[in-house]
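Below, each chain spelled out in residue letters.
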Amino acid sequence: MKLRRDFPVVDGVHRCLADERAAYFEQFLAEYTMVRHAEGRAIDDPEYYRRLPEPTPGTPTEWQWKIRRRTWATFLTKVLRAAPPSLVVVDVGAGTGWLSNRVAELGHEAHAVDLTVDAHDGLGAAGFFERTFDLYQAEMDDLPFADGTADLVVYNAALHYSTDYGRTLAEGLRVLRPGGRLVVLDSPVYRHQWAGDAMVAERHAQFEHQYGTRSESVPSIEFLTDGMLRDLGEQLGLRWRRHHTWYGRQWAMRPVKAKLKGKRPPSRFIVLVASRR
Ligand SMILES: C[S@@+](CC[C@H](N)C(=O)[O-])C[C@H]1O[C@@H](n2cnc3c(N)ncnc32)[C@H](O)[C@@H]1O
């Protein structure tokens, strides 16, 4: 894939993050990595990584992967299988790169981008996979790729870390070929801003209680609303398609249960696909 310019490659990772940006993200990454490891995500078994998004029974995040594999199935049927073979896919906020691994397994060309090169939860985990895909330490608002080079730019549980969706998605659009699409997976979507704000307040309080940090050194937005999607569509000239996933009866009952208990509405996960109008 054509890059904007040459970048040094260290331990197999293109290093595209300028020093001052690395310094800006340093505290975020230290806190993020501490929390992720505490959640039990630093596992030394290659099999755990190769199975993803299939959960490994008995691992602490098994419940979460049971949800996430269903999103992956929707992405597979509604986006990947419905497209021509041999796509160029950019996996933004790739973490371990499990989605890049799956995409490469299907014969597409995958490029994993993340801030973190952590050996278990970042690009450093790529060695656990049998497939090879390209690795870039870079930020979502400044991708290392040349204009018009990708078929899909995928934000997998990652777009909500953006501090400015307009800027982040404009950068994704820059690297898309004509006819290419942006895909948002597993970012929480609410109908109302107040519900998202309430989730963020709860989450920061819980982090402070559990880990001693509110984890807010970078002002990530942390959720989407229907209104934000509408505004982004207008601002960037996008048409959104929504694909819904069946996460099971218990999941479907969450809004009703929340209402009965007088709690805020729960988040929804919708596979969002944007193309230029
Ligand atoms: C919840 S994880 C998702 C990882 C992976 N996509 C997955 O589905 O398991 C979010 C990822 O986004 C990355 N991230 C956060 N802010 C970012 C930014 N500004 N630029 C690039 N990656 C970012 C984090 O380092 C983290 O690996």
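Being a predicted model, the structure only gives us computed values, none of them experimental.

**Regarding the overall build of the chain**
Within the chain one finds 9 helices and 12 strands. Taken over the C-alpha atoms alone, the chain extends approximately 55 × 45 × 35 Å along its principal axes. Sequence-distant contacts, at least 24 apart, represent 70% of the contacts inside the chain between residues at least 6 apart.

**What to know about the site of the ligand**
Among the 13 residues in the neighbourhood of the ligand, the closest are listed as Gly93, Gly95, Met140, Asn156 and Tyr161. Looking at the shell around the ligand, its residues break down into 7 nonpolar, 4 polar and 2 charged.

**Looking at the environment of arginine 4**
Tracing the chain through its elements places arginine 4 in the segment before strand E1 (9-10). Given 15 C-beta atoms within 10 Å, arginine 4 falls into the partly exposed group. The sequence separation of arginine 4 and glycine 166 amounts to 162 residues, and the corresponding C-alpha distance is 21 Å.

**Some words on helix H4 (residues 98-105)**
Among the 8 residues in H4, 7 count as buried, and that is most of the element. Turning to H4, its buried residues are Trp98, Leu99, Ser100, Asn101, Arg102, Val103 and Ala104. The inward-facing, buried residues of H4 contact helix H2 (46-51), strand E3 (88-92), strand E4 (109-114) and strand E6 (150-156).

**Looking at the sheet that holds strand E8 (residues 188-190)**
Read from one edge of the open sheet, 3 strands run E9-E8-E11, paired in mixed fashion. Of all strands in the sheet, those bounded by a partner on one side alone are strand E9 (224-225) and strand E11 (268-269). Summarising the sheet, E8 and E11 pair through 2 bridges and their orientation is antiparallel. Counted as the bridge partner of valine 189 is arginine 268 from E11.

**Focus: the pairing of E3**
Judged by how many residues are buried, E3 sits mostly within the fold: 5 of 5 residues are covered. Judged from the 5 bridges that link them, E3 and E4 form a sheet pairing that is parallel. The partner of aspartate 91 across the bridge, within E4, is alanine 112. Between E3 and its parallel partner E4, the chain crosses via H4, and the hand of that crossover is right-handed.

**Quick notes on the pairing of strand E7 (residues 176-185)**
Among the 10 residues of E7, 7 are classified as buried, and the element is accordingly described as predominantly covered. Pairing of E6 with E7, which is carried by 6 bridges, proceeds in the parallel orientation. Across the sheet, residue asparagine 156 finds its bridge partner in E7, namely leucine 185. With helix H5 (residues 165-175) bridging E6 and the parallel E7, this β-α-β connection has right-handed handedness.

**Section: the environment of threonine 116**
Following the sequence through the fold, threonine 116 ends up in the loop between E4 and strand E5 (134-137). Judged by local crowding, threonine 116 falls into the buried class, with 22 C-beta atoms found within 10 Å. Sequence-wise, threonine 116 and glutamate 47 are 69 residues apart; in three dimensions their C-alpha atoms are separated by 21 Å. Setting aside chain neighbours within four positions, we find threonine 116 in contact with Leu29, Thr33, Asp121, Gly122 and Leu123.

**Notes on the packing of H5 against helix H7 (residues 226-236)**
Interaxial distance between H5 and H7 falls to 11 Å at its minimum, and their mutual angle equals 50°. Taken as axis vectors, H5 and H7 run oblique relative to one another. Once H5 is placed against H7, the crossing between them reads as right-handed. Every residue of H7 that contacts H5 at Tyr165, Gly166, Leu169, Ala170 and Leu173 is listed here: Met228, Leu232, Gln235 and Leu236. Tallied by class, the residues present in the contact of H5 with H7 amount to 7 nonpolar, 2 polar and no charged.

Conventions and cut-offs
Residues numbered from 1 in each chain as written. Predicted model: local features only at pLDDT ≥ 70, side-chain atom pairs only at ≥ 80, totals over all residues. Helix = DSSP H or I, 4+ residues; strand = E, 2+ residues; numbered from the N terminus. Contact = placed C-beta atoms within 7 Å. Near = placed C-beta within 6 Å. Nonpolar A, V, L, I, M, F, W, Y, C, P; charged D, E, K, R; others polar. Buried ≥ 20, exposed ≤ 12 C-beta atoms within 10 Å, placed from the backbone. Pairing = 2+ DSSP bridges. Right-handed = clockwise from strand over helix to strand, strands pointing away. Axes fitted to C-alpha atoms, helices over the stretch in contact; angles between N-to-C directions. Parallel < 35°, antiparallel > 145°, perpendicular 65-115°, else oblique. Left-handed = near helix turned anticlockwise from the far one by under 90°.

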